[in-house]
Amino acid sequence: MVFLNPMLKGKKIVVGITGSIAAYKAVLLVRELVKAGAEVKVIMTPAACDFVTPLTLSTLSQQPVLSRMFDEQSWSNHVMLGRWADLMLIAPASCNTIAKMAGGNCDNLLLAVYLSATCPVAIAPAMDEDMWLHPSTHANLDRLTTYGNHILPVGKGALASGLHGEGRMAEPEQIIDWLQGYFSLPGPLTGKKVLVTAGPTYEPIDPVRFIGNHSSGKMGIALAEALLKKGAVVTLVAGPVAALPELKGIAIRKVTTAAEMYTECMALFPETDIAIMAAAVADYTPEHIAAEKIKKGAEGLTLNLKKTTDILKAMGESKTAGQIVVGFALETTAEEQHAKEKLEKKKADLIVLNSLRDAGAGFGKDTNKITIYARDGRQYPFEVKSKSAVANDIVETIIRLYYA
Ligand code: CTP
């Protein structure tokens, strides 16, 4: 066994226990985590309390166990717990809890902590083989994977039903091994600070109207997730996107206008190793914002617009040795020529081109087709792929060119 583990010393771990016979293994797991020097806080679902007692776990973790949703202490702390932790580990995760997590359900404290957690989340499923093999279980686990959650493998052996098969929760020592790997394995971008912009900006005309665009933010969000998985410390500066999915471990700064995005980005840039500008920033903004709603009057209305500051260009011009700046170009004609011009004009290291003429590329779509242009003249074309696969291609190209 690998229990006395320096990698776990001082690590803050929230252990979530759900209603499964494997809860008895969580007792051993908590004991070993504490022995390894981790700080452990336990949350139990009401069903978990039918299998093991909160008293056992509070004794072993040396901390109060949280279980009831509306206890004064639990309720006010549920957001803080997921921020306090370096990792939330749900072990055992029953089929029911997995389904609720995938659906964003929030009917107990464990789910409330899960939904509000900003730390990474690992899940150790436990269930009978037939439940494990059911397509809905795998659809739910796939969905949790896309949210950035880590799914630990299940074991094979005797099951609570008396049958023999797959679905046993991983053994405590296997989970400890996994945690050791998780906390010690450096990714190629470990410790690198990355700034990603995403989404549109809204430029106000009057208190009720704005100039915006159709950017969904999906590409920037997929990039932030891909970078996080490579060990980077990621900050996402997001314009008004419809929905930010679960971005465990990614710092999010919400902005509305191009000017706000500029201020936020330039404040972060001096500490940034890699900046990836995936946002569709407005190029022009109204010269004046009307204090009151503009009333209908004459047949025509003219708005005077002024240029916004080009954030990518400002970064390209001020970057120091070692900083990498990546821009996007969405074009409809003379794509290659425009991409190369942007590379020069904005002093970017890479430009990711996508053309609206390519089927599968563009705003709001789940797929994209890109070519990456580098300053040294090299080009890297890719096929149409999902935005998360495209994000991986971009991140892998950055690693290959600058961090291999
Ligand atoms: N960009 C930026 N700040 C702006 C405008 C654009 O950082 N104010 C960034 C985008 O995030 C993107 C890249 O610049 O990475 C390309 O933006 P685009 O608007 O296409 O480029 P322009 O130079 O404005 O060219 P044009 O609109 O004429 O195509």
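Residues numbered from 1 in each chain as written. Predicted model: local features only at pLDDT ≥ 70, side-chain atom pairs only at ≥ 80, totals over all residues. Heavy atoms only, no water.

*Asks:* Quick rundown of the overall build of the chain? Include the residues and the values.
*Replies:* When helices and strands are tallied, the chain shows 13 helices and 21 strands. On the principal axes, the C-alpha backbone points of the chain span a range of 75 × 50 × 40 Å. Across the 404 residues in the chain, those meeting the buried criterion constitute 47%. Across the chain, the fraction of contacts at a sequence separation of at least 24, relative to all contacts at a separation of at least 6, is 68%. (Helix = DSSP H or I, 4+ residues; strand = E, 2+ residues; numbered from the N terminus. Buried < 20%, exposed > 50% of the residue type's maximum accessible area, 1.4 Å probe, protein only. Contact = heavy atoms within 4.5 Å.)

*Asks:* Quick one: what's the story with the nonpolar core, residue by residue and with numbers?
*Replies:* As a rule of thumb, nonpolar side chains are buried together in soluble globular proteins. Leu223, Leu227, Leu236, Ile276, Phe328, Ile372 and Ile394 are the most contacted members of the largest nonpolar core, which has 35 residues in total. For this core, the elements supplying multiple residues, two or more each, are strand E8 (193-198), helix H9 (218-229), strand E11 (233-238), strand E13 (274-277), strand E16 (324-331), strand E17 (350-355), strand E19 (371-374) and helix H13 (387-403). Counting residues per element, this core draws most heavily on H9, at seven residues. Discounting residues that sit within four places of it in the chain, leucine 223 has contacts with Val196, Ile276, Ala278, Phe328, Ala391, Ile394 and Val395. Ala22, Leu29, Val52 and Ala122 belong to the second largest nonpolar core, which has 34 residues in total. (Core = buried A, V, L, I, M, F, W, Y, C linked by side-chain atoms within 4.5 Å.)

*Asks:* Can you tell me about a nonpolar patch on the surface, naming the residues and giving the values?
*Replies:* Residues Ile21, Tyr24, Leu28 and Phe51 make up a contiguous nonpolar surface patch of about 390 Å² in total accessible area. The topology assignment puts tyrosine 24 in helix H1 (residues 23-35). For tyrosine 24, a relative accessible area of 45% gives the class partly exposed. (Patch = residues over 30% accessible without salt bridge, like charges linked within 9 Å, V, L, I, M, F, W, Y side chains within 5 Å. Areas by Shrake-Rupley, 256 points an atom, 1.4 Å probe, with all protein chains shown as cover. Salt bridge = Lys/Arg side-chain N within 4 Å of Asp/Glu carboxyl O.)

*Asks:* Can you break down the domain arrangement of the chain residue by residue, with the values?
*Replies:* Split into domains, the chain comes out as domain 1 (12-184) and domain 2 (193-285 + 304-403). Taking only C-alpha atoms into account, the centre of domain 1 sits 36 Å from that of domain 2. In this assembly, domain 1 packs against domain 2 so that about 610 Å² is buried in total across both faces, 49% of it on carbon and sulfur atoms. Across the contact surface, domain 1 and domain 2 share zero salt bridges. Inspection of the region where domain 1 meets domain 2 yields zero residue pairs in polar contact (both at pLDDT 80 or more). Counting residues per element, the ones that place at least two in the side of domain 1 that touches domain 2 are helix H5 (109-116) and helix H7 (135-146). Its residues assigned to classes, the side of domain 1 that touches domain 2 comprises seven nonpolar, five polar and no charged. (Domains from an automatic or database assignment. Buried area = accessible area lost by both parts, 1.4 Å probe. Polar contact = N/O pair within 3.5 Å; in protein donor to acceptor, adjacent residues only side chain to side chain. Nonpolar A, V, L, I, M, F, W, Y, C, P; charged D, E, K, R; others polar.)

*Asks:* Provide a residue-level description of the site of the ligand, including the pertinent values.
*Replies:* With respect to spatial proximity, 15 residues lie near the ligand, and among them Met277, Ala279, Leu312, Phe328 and Lys346 are the closest. Within the backbone of methionine 277, a nitrogen or oxygen atom sits 2.7 Å from an oxygen atom of the ligand. In this structure, threonine 309 approaches the ligand through a main-chain N or O atom, which is 3.0 Å from a nitrogen atom. Every element with two or more residues in the shell around the ligand is listed here: helix H11 (311-318), E16 and helix H12 (335-345). Considered class by class, the residues forming the shell around the ligand number seven nonpolar, three polar and five charged. (Near = heavy atom within 4 Å.)

*Asks:* Can you tell me about the environment of isoleucine 98, naming the residues and giving the values?
*Replies:* Position of isoleucine 98 relative to the elements: it lies in helix H4 (residues 95-103). Along the sequence, isoleucine 98 and proline 125 sit 27 residues apart, while their C-alpha atoms lie 7.9 Å from each other. Dropping the residues within four chain positions of it, isoleucine 98 is found in contact with Ala93, Ile123, Pro125, Met127, Asn140, Leu141 and Leu144.

*Asks:* Describe the pattern of salt bridges, and please don't skip the residues or the numbers.
*Replies:* Opposite charge on two side chains lets them pair, provided their charged atoms get close. Scanning all chains against the criterion turns up 17 salt bridges. Between lysine 346 and aspartate 310 there is a salt bridge, with its nearest N and O atoms 2.7 Å apart. Here lysine 346, found in the loop between H12 and E17, pairs with aspartate 310, found in the loop between strand E15 (305-307) and H11; they are 36 residues apart in sequence, far enough to count as distant. One salt bridge in this structure joins arginine 375 and glutamate 344, with 3.7 Å as the shortest N-O distance. On the criterion of sequence distance, the pair formed by arginine 375 in the loop between E19 and strand E20 (379-381) and glutamate 344 in helix H12 is long-range, its members being 31 residues apart. With a relative accessible area of 39%, arginine 375 lands in the partly exposed category. The class of glutamate 344 is partly exposed, set by a relative accessible area of 49%. Each of Lys25, Arg168 and Glu171 takes part in salt bridges that share partners, so that together they form one network.

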